[in-house]
Each structure stands twice: as C-alpha cells, then as structure tokens.
Amino acid sequence: LSDLDSVVEAVLTSPRYARVCEELVVHVASIELQKRPSFKEAVKATKSKLHQVAGSYLDIRMEYGDWLEELQRAGASGSAEAWEAACRDILRHQSSTRERLPIVERFYREVLEPVGAVHSVLDLGCGLNPLAARWMPLAEGAEYRAYDVYADMVDFVGAFLRLAGLRGGAVCDDVSRLTDVPPAQVVFMLKCVPVLDQLDRSAVPRILELVDGAHVLISFPLQSLGGKKKGMVRTYEARMAQLASGKPWMVRRFEYATELAFLVSTSMGR
Ligand SMILES: C[S@@+](CC[C@H](N)C(=O)[O-])C[C@H]1O[C@@H](n2cnc3c(N)ncnc32)[C@H](O)[C@@H]1O
C-alpha cells in the first residue's frame, strides 16, 4: 500500500468517516500528507479536516431509516400538514438547515422570486436541504439533483426525492473536483462556499465556470451572537465580489439573521 492508500484506509475504517465518499477522503488525505509525511499525523489531520467540512454539521445520530418511515406515513396520510411537519422535523438534524428553518418559507419565496417557477435545481453540498423543497417555488414535474459526500445521506435524499415526486436524484461525490456540472435552471451553493474554500480556493471559481444555467444561489452563514456578524458580512461580501469580478452577472443580495444570500443571474438563458 502507498502512504496515501494506508491513510485513506485508516480514515474509512473509522465509524464516523466510513460513509464519506472515497473521492473526498483521497482529496483531503493527499493534501494533508504533503504537509506532514507521518502516517499517524496525516490520519489525524485528514479526520479533522473532514470534520470541519462535513461532520461538524451533522447530529451524532442520523436516523435515516426512521425518517424515511415518518415521510412514508406522512405521504400515505395525504395530509400536507403532516408532510410539512415531517420535513421540518428532519431538517432539524443538520445545523445548516436547522438555522434556516425559522425563515425557510420567506427565504425561498424571496430569493427565488426573480426566477419565477423553477423547473430544475442542482443542489451542491446539499446536506438535508432538499427536504425544504416544499417551500421552494418548484414547477410541476420539476427536476432536483443533489450532491453531498455522505453515501447514507445521499441514499436518504434520493429516497426523499422519489417520495416527493421530484425527478432527478442524489449523487455522492466531492463537488470540488467536478469536471462537469449537470445543466440546471438554478444551482444552489448554500453555505458551501466557505466549506469548499477550506479544501481548495480555486474550486468554487472553477465550478462557477462550469455552471450551465441561468441562476446560481450562493449563501454564507452568519452568526448573530456577539459582535461577529458585521465582520462576517464584510468577509463574505468581499468573497462574493471576488467571485463575480469581471463577470457579466447580475447579483441580488438578501440578508437574514443567520444567512447572507446572493442570487447570481448569468447571461445564460434556461
Ligand atoms: C454548511 S453545510 C450546508 C448544507 C446545505 N447546503 C444547507 O445550506 O443547508 C455544508 C455541506 O457541504 C457538504 N460538503 C462538504 N464538502 C463537500 C464536497 N467536497 N463535496 C460535496 N459536498 C460537500 C457537507 O457534507 C455539508 O452537507
């Protein structure tokens, strides 16, 4: 085994990272091995980076089997309230969607208002966000494609999409290494720019070059506690300005207590 293979194997045998897609583990392990050739330290640093970019957002236990049953029951009951309640319940189990939950209706209504009816979504670094589909202005028969790095989460999201009657599906892959991006009317990169920047600062600009669609919805997390919020707004506005620099885009800005969002409209029609 090469050094890289043994670090990847050691990380994937640890229960917390066993379901992370191998592409991401290889990506992170190769960066960490370049910085520190010691096997033990590289394993530790790889796990710590995976925690930062993905693990830290999840609850300790993700009860995908139970949640699917809850959704199936709600779907079979025919009650829209029961379906919404089940979705809200599940959205509480990842910190990103939990923070958005109090404003979820208003958020999607406002940020997607300039788009009108949405026929196709590509949700990159989706987490549990596809479960908020109920509050998005999706057209009848809309297509929803979602990407994340946990095999079990992606299976669950795929099953959810089928239950919700949405076309498309969920894919387990490291989006920072995508070489082509499926076409979609709206691409979501919700709270995932800072995460991808931690892996590779050139990943997001590259993804934005590959995007084939009319709109990209980019957002950043804000923290309202303490005096940090102003600083975060400034930092993320600067990152957004950098990403949009020299592009013929129209950028609309939306600020909420826990999230700063930008709807980028490219010149590509769809
Ligand atoms: C801050 S959360 C945002 C989740 C969701 N977009 C939202 O706003 O509710 C970041 C998400 O990106 C995923 N992620 C991290 N690195 C990734 C990568 N290289 N490729 C795909 N997804 C990634 C994590 O697993 C996590 O679900």
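Worth saying up front: this structure is predicted, and the values here are computed from it rather than measured.

**Q** Hey, could you run me through the environment of Ala142 in this one?
**A** Tracing the backbone through its elements, the reader meets Ala142 in strand 2 (residues 138-148). For the pair formed by Ala142 and Val121, sequence separation is 21 residues and the distance between their alpha carbons is 8.0 Å. Leaving out residues up to four positions away in the same chain, Ala142 has contacts with Val118, His119, Leu166 and Arg167.

**Q** I tried to follow the sheet that holds strand 4 (residues 186-190) on my own but got confused; where do I start?
**A** Strand pairing in a sheet relies on backbone hydrogen bonds, with the paired strands running either antiparallel or parallel. An order of 3-2-1-4-5-7-6 is seen for the seven strands of this open sheet, with the pairing classed as mixed. Looking along the sheet, the strands with just one partner apiece sit at the ends: strand 3 (167-172) and strand 6 (250-255). The sheet shows a mean angle of 15° between the axes of neighbouring strands, taken without regard to direction. Lying over the sheet, helix 10 (residues 203-210) contacts strand 1 (118-124), strand 4 and strand 5 (215-221), oriented at roughly 170° with respect to strand 4.

**Q** Hey, could you run me through helix 10 in this one?
**A** Along an α-helix, residues three or four positions apart point the same way, because every turn accommodates 3.6 residues. For helix 10, the full list of buried residues reads Ala203, Val204, Ile207 and Leu208. Down the axis of helix 10, the buried set is contained in an arc of 135°. They therefore lie on one face.

**Q** How should I be thinking about the nonpolar core in this particular structure?
**A** Soluble globular proteins tend to pack their nonpolar side chains together in the buried interior. Phe188 and Met189 are the most contacted members of the largest nonpolar core, which has 95 residues in total. Take this core: its biggest share by element is six residues, from helix 11 (residues 228-244). Other than its neighbours up to four places away in sequence, Met189 contacts Leu124, Leu196, Val204, Ile207, Leu208, Val216, Leu217, Ile218 and Ser219.

How each quantity is defined
Residues numbered from 1 in each chain as written. Predicted model: local features only at pLDDT ≥ 70, side-chain atom pairs only at ≥ 80, totals over all residues. Heavy atoms only, no water. Helix = DSSP H or I, 4+ residues; strand = E, 2+ residues; numbered from the N terminus. Contact = heavy atoms within 4.5 Å. Pairing = 2+ DSSP bridges. Axes fitted to C-alpha atoms, helices over the stretch in contact; angles between N-to-C directions. Buried < 20%, exposed > 50% of the residue type's maximum accessible area, 1.4 Å probe, protein only. Arc of directions from axis to C-beta. Core = buried A, V, L, I, M, F, W, Y, C linked by side-chain atoms within 4.5 Å.

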